[in-house]
Amino acid sequence: ELKAMGVAKLPLLLLVIGNQVKQIIIPALENIIINFVSKYQNTKVCPTKAEIENLKRQRNNIVSKLNKISKTLNVITITLTGVSTFLAILEATIKGIDLAKIAAKIAALVSPPLAATLPSTLNTLDQAKTQILIDDKGQSRLVKISAIIEGAALVSAIIGGYILTAVNLLNSIDFVLKECDPTITTSKSTSDIQSDNQSDNSLISISKETQDIAD
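Here is what the cut-offs are and how they apply
- Every chain's residues receive numbers from 1 upward, in the order its sequence appears when written.
- In keeping with the model being predicted, local features are shown solely for residues with a pLDDT of at least 70 and side-chain atom pairs are shown and tallied solely at 80 or more, while totals for entire chains, interfaces and linings include all residues.
- Values reported for side chains reflect all heavy atoms of the structure, with hydrogen atoms and water molecules removed beforehand.
- Put simply, DSSP H or I for four residues or longer makes a helix, DSSP E for two residues or longer makes a strand, and each gets a number counted from the N terminus.
- Residue burial is assigned from relative accessible area. The probe radius is 1.4 Å, only protein chains are included, and a residue is buried under 20% of its type maximum, exposed over 50%, and partly exposed in between.
- Any two residues whose heavy atoms approach within 4.5 Å at even a single point are treated as in contact.
- By nonpolar core we mean a set of buried residues, namely Ala, Val, Leu, Ile, Met, Phe, Trp, Tyr and Cys, connected to one another through side-chain atoms within 4.5 Å.
- Here the expected span of a helix is defined as 1.5 Å times the quantity of residues minus one.
- By salt bridge we mean one thing: a side-chain nitrogen of Lys or Arg within 4 Å of a carboxyl oxygen of Asp or Glu.
- Cysteine sulfurs are considered disulfide-paired once they come within 2.5 Å of each other.
- A positive count includes Lys and Arg, and a negative count includes Asp and Glu. His and the chain ends are not counted in either.
- Each polar contact in these results corresponds to two N or O atoms within 3.5 Å; when the atoms are within protein, one needs to be able to donate a hydrogen and the other to accept it, and residues that are neighboring in sequence are counted only if both atoms are side-chain atoms.
- For cavity detection a 1 Å grid was placed over the protein atoms alone, and a set of points counts as a cavity when a 1.4 Å probe fits there but cannot get out; an open set counts as a pocket when protein lies on both sides within 12 Å along at least five of seven lines, with lining residues being those that have an atom within 4 Å of a point.
- Grid points are joined across faces, edges and corners, and a volume is the space filled by probe spheres set on the points.
- Each residue is assigned to one of three groups, with Ala, Val, Leu, Ile, Met, Phe, Trp, Tyr, Cys and Pro labelled nonpolar, Asp, Glu, Lys and Arg labelled charged, and all others, Gly among them, labelled polar.

Draft legend 1. Molecular detail of the overall build of the chain. In terms of helices and strands, the chain carries seven helices and two strands. Its helices and strands in sequence order give the chain the pattern α-α-α-α-α-β-α-β-α, from N to C terminus. For the chain, buried positions account for 36% of its 215 residues. The contacts of the chain with a sequence gap of at least 6 include a subset with a gap of at least 24, amounting to 75%.

Draft legend 2. Here's a closer look at the nonpolar core. One finds Leu14, Leu29 and Ile163 to be the most contacted residues of the largest nonpolar core, which totals 37 residues. Secondary structure elements with two or more residues in this core: α2 (10-43), α3 (49-110), α5 (141-180) and β2 (202-204). Per-element accounting of this core gives the leading share, 12 residues, to α5. Dropping the residues within four chain positions of it, Leu14 is found in contact with Leu73, Ile76, Leu80, Ala152, Val155, Ser156 and Ile159. Counting five residues, the second largest nonpolar core, distinct from the first, contains Ile94, Ile97, Ile132 and Leu142.

Draft legend 3. Region of the structure containing α2. End to end, α2 covers 47 Å across 34 residues, agreeing with the expected 50 Å (1.5 Å per residue, within 8%). Of the residues flanking the end of α2, it is Lys44, one or two places downstream, whose phi is positive at about 60°.

Draft legend 4. Structural context of the pattern of salt bridges. Per the counting criterion, the structure on display carries four salt bridges. A salt bridge links Lys56 to Glu53; the nearest nitrogen and oxygen atoms lie 3.1 Å apart. On the criterion of helical spacing, the pair formed by Lys56 and Glu53 is a turn pair, its members being three residues apart in helix α3. Given a relative accessible area of 23%, Glu53 falls into the partly exposed group. Among the ionic pairs, Asp174 bridges to Arg59, the shortest N-O distance being 2.8 Å. With Asp174 in helix α5 and Arg59 in helix α3, this pair connects stretches of sequence that are 115 residues apart. Here Asp174 and Arg59 have matching classes, each one buried.

Draft legend 5. Quick peek at the environment of Ala166. Take Ala166: it is sitting in helix α5. In this structure, the C-alpha to C-alpha distance between Ala166 and Ala214, residues 48 residues apart in sequence, is 8.7 Å. Discounting chain neighbours no more than four positions away, the residues touching Ala166 are Ile25, Ile26, Leu29 and Leu66.

Draft legend 6. Seen up close, the state of the cysteines. Applying the stated criterion across every chain, the model contains one disulfide. Here Cys46 is linked by a disulfide to Cys180, with a sulfur-sulfur distance of 2.2 Å. On the S-S bond that ties Cys46 to Cys180, the torsion sits near -90°, and the link is left-handed. One end of the pair, Cys46, is in the loop between α2 and α3; the other, Cys180, is in helix α5, and 134 residues separate them in sequence. Exposure remark for Cys180: the relative accessible area of 17% places this residue in the buried category.

Draft legend 7. The side chain of Asp181, seen in detail. By the secondary structure assignment, Asp181 is in the loop between α5 and β1 (185-188). The charged side chain of Asp181 is buried without a salt bridge, its nearest counter-charge being Lys56 at 5.1 Å. Polar contacts involving the side chain of Asp181 include one to the side chain of Thr183, which spans 2.5 Å.

Draft legend 8. Geometry of the side chain of Ser202. Structurally, Ser202 can be placed in strand β2. Residue Ser202 is classed as buried on the basis of its relative accessible area of 10%. Within the structure, the side chain of Ser202 is placed 3.1 Å from the side chain of Thr185, a separation counted as a polar contact.

Draft legend 9. View of the layout of surface pockets. One number sums up the size of the second largest pocket: a volume of about 170 Å³. Sorting the residues of the lining of the second largest pocket by element identifies α3, α5 and α7 (208-214) as the ones contributing at least two each. At four residues, α3 tops the list of elements feeding residues into the lining of the second largest pocket. Looking at side-chain class alone, the lining of the second largest pocket contains four nonpolar, four polar and one charged residues.

Dropping the structure here:
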C-alpha cells in the first residue's frame with residue numbers, strides 16, 4: 001500500500017522533468033539552429049572563432065542538463081519496473097489462492113477430516129484474497145497500481161519524443177561545429193570538461209542513457 005502511494009507521484013514527477021526538456025532545452029537548441037546552423041547550411045559561412053567558443057559552452061551546458069535529466073528518468077524507470085514486478089507478484093498470489101481453493105475442495109472429497117475444515121479453509125483464503133485486492137477504503141489495489149504504471153508509461157513515451165527531438169537538434173549543431181573546427185572532438189564527460197582549462201576543444205558526449213531514451 002505504501003509502495004502504491006509513493007508510485008502515484010511518479011507520473012507527475014515524470015511530467016515535470018519532461019517539461020524541462022520541452023520548455024527549456026528544446027527552445028535553447030532551436031535558437032542555436034536558427035542563428036547559426038541554418039545560416040551555415042544556407043551560406044556555408046562558419047561562425048567566428050569567438051562564436052564557436054560560445055556555441056560550445058552553450059551546447060555543453062545543454063548536454064550536461066539533458067544527461068542529468070536522462071539519469072533521473074532512468075532511476076524512475078527502474079522504480080516503475082520494480083512496481084510492475086510487485087504487481088505481477090500480487091497477480092500470481094491471487095492465482096495461487098484460487099488454485100489453493102480448488103485443491104482444498106478436491107482434498108475434502110477424498111478425506112472426511114478435511115471436509116469438516118473446508119468452510120474455514122475457504123473463508124481464510126477468501127479473506128486473504130480480499131486483502132490483496134481491496135484496500136482499507138474499499139478500492140481495488142490492482143486497478144490503482146495498474147493505472148499508475150500505464151499513466152507513467154504514456155508520459156514516458158511523450159518525454160522520449162522530446163529527448164529524441166533534442167538529440168536530433170544536437171546532432172545538427174555538432175555537425176556544424178566539427179565542420180567549422182575539425183579539431184573539435186566529442187569524448188569528454190561533464191567532469192572532464194569542468195576540470196580542464198578554458199582552451200579545451202572537447203564536447204560533452206550525449207550519455208548512453210540519453211541516447212537509449214531517444215532510440
